[in-house]
Amino acid sequence: MQRRSFLKASAIAPAAFALGAAPAGAVSDSQQLVRLADELDASLFSDGLAVPIAESSTPSALAAGLDRTLVLGGGGEWYIAWYCGLFHGLLEQGVDASALAEMIVGTSAGSYAGSSMASGHFHRLRAEFDFFGHFPGLFAQLAPVTDPNASQQRAQKINAAAKDGSLATRQIIGHAALAADNHLNGSAIDRMAAFLTGDSRSDWPAAKMHTTAVDCYSGERVVVSQATARKNSIPLAHGAAASSSLPGLMGPTLLGQRYCMDGGMCSNPAHVDLVAGSRRALIITLNDGLKPPFLTGIPHPIADNIRQVETAGTRTMWIKADPPDVNLLDPKQILPALRTGYERAQREADAIKAFWG
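Residues numbered from 1 in each chain as written. Predicted model: local features only at pLDDT ≥ 70, side-chain atom pairs only at ≥ 80, totals over all residues. Heavy atoms only, no water.

Turning our attention to the overall build of the protein chain. Within the protein chain, the secondary structure is distributed over 14 helices and 8 strands. Across the protein chain, the fraction of contacts at a sequence separation of at least 24, relative to all contacts at a separation of at least 6, is 83%. A total of about 15800 Å² of accessible surface is found on the protein chain, and carbon and sulfur atoms cover 56% of it. (Helix = DSSP H or I, 4+ residues; strand = E, 2+ residues; numbered from the N terminus. Contact = heavy atoms within 4.5 Å. Areas by Shrake-Rupley, 256 points an atom, 1.4 Å probe, with all protein chains shown as cover.)

Time to look at the pairing of strand β7 (residues 280–285). If a strand is regular, its side chains alternate between the two faces of the sheet. For β7, the tally of buried residues reaches 6 of 6 residues, placing the bulk of the element in the interior. On β7, burial covers both faces: R280, L282 and I284 on one face and A281, I283 and T285 on the other are all buried. Of the crossover connections in this fold, the one passing from β7 over helix α13 (residues 302–311) to the parallel strand β8 (residues 315–320) is right-handed. (Buried < 20%, exposed > 50% of the residue type's maximum accessible area, 1.4 Å probe, protein only. Right-handed = clockwise from strand over helix to strand, strands pointing away.)

Now for the confidence of the model for the protein chain. Of all residues in the protein chain, 88% have pLDDT values of 70 or greater, and the mean over the chain is 88. Contacts of residues 1–20 to residues separated by more than four positions or lying in other chains number 5 contacts, the stretch itself having pLDDT below 50. (pLDDT = per-residue confidence, 0-100.)

So, on to helix α9 (residues 167–179). Relative to the 18 Å expected for 13 residues at 1.5 Å per residue, α9 spans 18 Å between its end C-alpha atoms, a close match to the ideal helical length. Regarding α9, the residues found buried are T169, R170, I173, G174, A176 and A177. Buried positions in α9, seen along its axis, are confined to an arc of 160° and lie on one side of it. Where α9 is buried, its residues touch α8 (150–161), β3 (209–215) and β6 (258–262). (Expected span 1.5 Å × (residues − 1). Arc of directions from axis to C-beta.)

The next thing to look at is the pattern of salt bridges. Under the defined criterion, the tally for this structure stands at 12 salt bridges. One salt bridge in this structure joins R279 and D67, with 3.4 Å as the shortest N-O distance. Note that R279 is positioned in the loop between β6 and β7 and D67 in the loop between α2 (29–44) and β1 (68–72), a separation of 212 residues in sequence. Assessed through its relative accessible area of 48%, R279 is described here as partly exposed. Looking at D67, the relative accessible area reads 18%, which means it is buried. The partner of D273 in a salt bridge is R221, and the shortest N-O contact between them spans 2.7 Å. Of this pair, D273 sits in the loop between β6 and β7 while R221 sits in strand β4 (residues 221–224), and the two are 52 residues apart along the sequence. Both residues of the pair, D273 and R221, belong to the buried class. Residues participating in the shared-partner salt-bridge network are D47, D215, E220 and R258. (Salt bridge = Lys/Arg side-chain N within 4 Å of Asp/Glu carboxyl O.)

This part takes up the nonpolar core. Ranked by size, the top nonpolar core spans 60 residues in total, and within it L70, W82, F87 and I284 carry the most contacts. Among the elements that make up this core, the one with the highest residue count is helix α3 (residues 76–92) (10 residues). Residues V71, M103, I306 and V309 belong to the second largest nonpolar core, which totals 15 residues. (Core = buried A, V, L, I, M, F, W, Y, C linked by side-chain atoms within 4.5 Å.)

For the rest of this paragraph, the subject is the packing of aromatic side chains. By the definition in use, this model includes 6 aromatic pairs. Geometrically, the ring pair formed by Y79 and Y83 is tilted, given 4.1 Å between the ring centres and 35° between the ring planes. Within this pair, Y79 and its partner Y83 are both found in helix α3, separated by 4 residues, close to a single helical turn. Taking the relative accessible area as the measure of exposure, Y79 reaches 0% and is therefore buried. By relative accessible area, which is 0% here, Y83 ends up buried. Here Y83 and F87 contribute two aromatic rings whose centre-to-centre distance is 5.9 Å and whose plane-to-plane angle is 15°, an arrangement assigned as stacked. Separated by 4 residues within a single helix, Y83 and F87 lie in helix α3, roughly one turn from each other. No difference in accessibility class separates Y83 from F87, as the two residues are buried. Ring-pair connections join several aromatic residues into one group, and the members of that group are W78, Y79, W82, Y83 and F87. The ring centre of W318 lies 4.2 Å from the NZ or CZ of K320, which sits over that ring. (Phe/Tyr/Trp six-rings, centres within 6.5 Å; stacked < 30°, edge-to-face > 60°. Lys NZ or Arg CZ within 6 Å of the ring centre and 35° of its normal.)

Right under this line is the structure:
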């Protein structure tokens with residue numbers, strides 16, 4: 001009787017049960033279930049976080065009316081260290097990129113670097129630590145270094161085998177990420193976020209900061225800005241952590257009601273389309289996306305992505321770190337990356353001043 005009462009009251013139950021074959025044209029149970037799932041998805045995910053990736057030269061609503069915008073792509077622990085060295089060196093050269101930029105889009109490593117600067121915590125790190133002394137060792141201790149288990153290896157292999165950035169491919173990678181047992185590295189991403197973003201673990205203090213991620217379940221691009229962060233109770237540190245949740249290594253990370261993975265798991269890995277329509281965009285990426293090192297098999301045609309932004313009327317300056325083919329997740333590479341980024345700042349400072357002056 002309990003089961004019968006439940007079925008009668010449930011919105012899922014059909015009005016009647018028929019024996020034998022269903023009449024022609026009748027909706028099957030599986031179709032009804034799919035329809036219900038779609039309806040529930042539409043209700044649950046009406047959170048303002050999903051922003052479709054632009055397929056053409058389309059001005060971004062987020063960049064409307066803005067002059068200077070900054071895009072920071074991803075690239076593992078190596079690239080976080082490189083960013084720290086770069087922005088430390090630029091500050092010494094009188095270039096405060098986070099203050100000059102009216103909008104910052106950060107993905108993976110770029111979400112950490114951008115959040116650290118936009119929240120003001122990067123300045124505190126510079127004041128508290130010797131950047132070429134104690135800082136690299138402390139940073140290295142936070143990086144996950146455990147050997148992957150079977151489910152993590154599965155997610156990593158699926159990610160590496162991807163051949164396109166379609167929605168279906170993002171869903172397959174996302175489902176593998178959800179199925180991976182990352183408990184050994186579970187706290188590493190939280191420690192990294194806390195170290196680099198400081199007191200941004202309870203709010204989204206910087207209105208100019210936008211982080212990107214990919215919804216593991218739906219495959220949608222997720223963009224977290226201050227308004228949607230506060231609507232969904234997402235602190236800045238969590239936005240950065242989700243953007244850096246590499247499948248089979250860390251995360252996924254919960255943003256609102258969405259489990260999300262690394263924002264680089266798509267064919268527009270730096271999400272440059274989000275600054276289309278701004279007057280001047282400084283874009284900094286690991287490389288051109290076409291040569292190693294890689295963190296996914298999804299092709300990353302960054303030059304094409306940038307051309308779409310330029311067609312929308314935005315002037316761009318593109319800086320590529322261009323590391324050697326190193327393990328981007330190796331803590332031993334942190335000090336060399338830090339020094340390389342610092343040295344690069346000496347060469348780029350004047351050009352950035354001229355571009356954004």
